[in-house]
Amino acid sequence: GVNVDGVILTKSFLIDENNRIDLPKEFLDLPTGTWMIEYKIENQEVWEKVKNRELNGFSVEGIFKYNI
């Protein structure tokens, strides 16, 4: 994996019955509990690769702490 500058997380949520109505129609059939994330791409080189279908996905990595 490679870290990329200019790609900013703008939204993160789980689909539930309250927010499902606001989803684009392509995502309406996803199950409740699906994790949705939205990024803003300010890096023009990366954006061009996305538009040209050279990039079509990415990984999300994190450090998580469970409070039980």
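If you're wondering where the values come from, they're calculated on a predicted model, not measured in any experiment.

Colleague: Give a description of the overall build of the protein chain that names residues and reports values.
Modeller: A count of helical and extended segments in the protein chain gives one helix and two strands. In sequence order, the protein chain lays out its α and β elements as β-β-α. Here the C-alpha radius of gyration of the protein chain, 15 Å, is well above what a compact globule of 68 residues would show, namely 11 Å. Counting only C-alpha atoms and orienting by the principal axes, one finds that the protein chain spans roughly 35 × 35 × 15 Å. Across the 68 residues in the protein chain, those meeting the buried criterion constitute 10%. In the protein chain, once contacts between residues fewer than 6 apart in sequence are set aside, the share between residues at least 24 apart is 45%. Of the roughly 6,500 Å² of accessible surface on the protein chain, 52% is carried by carbon and sulfur atoms. On the protein chain, the mean spot of the 8 positive side-chain charges and the mean spot of the 12 negative ones are 1 Å from each other.

Colleague: Tell me about the side chain of Thr34, and name the residues and values.
Modeller: Looking at where Thr34 falls in the secondary structure, it is placed in the loop between strand S1 (7-14) and strand S2 (35-41). Not counting residues within four places of it along the chain, the set of residues in contact with Thr34 comprises Phe13, Leu14 and Ile15.

Analysis parameters
- Residues numbered from 1 in each chain as written.
- Predicted model: local features only at pLDDT ≥ 70, side-chain atom pairs only at ≥ 80, totals over all residues.
- Heavy atoms only, no water.
- Helix = DSSP H or I, 4+ residues; strand = E, 2+ residues; numbered from the N terminus.
- Rg over C-alpha atoms; globule rule 2.2 N^0.38 Å.
- Buried < 20%, exposed > 50% of the residue type's maximum accessible area, 1.4 Å probe, protein only.
- Contact = heavy atoms within 4.5 Å.
- Areas by Shrake-Rupley, 256 points an atom, 1.4 Å probe, with all protein chains shown as cover.
- Lys, Arg positive; Asp, Glu negative; His and termini not counted.
- Charge placed at Lys NZ, Arg CZ, Asp CG, Glu CD.

In short, the description is geometric, and any link to function would need to be established separately.
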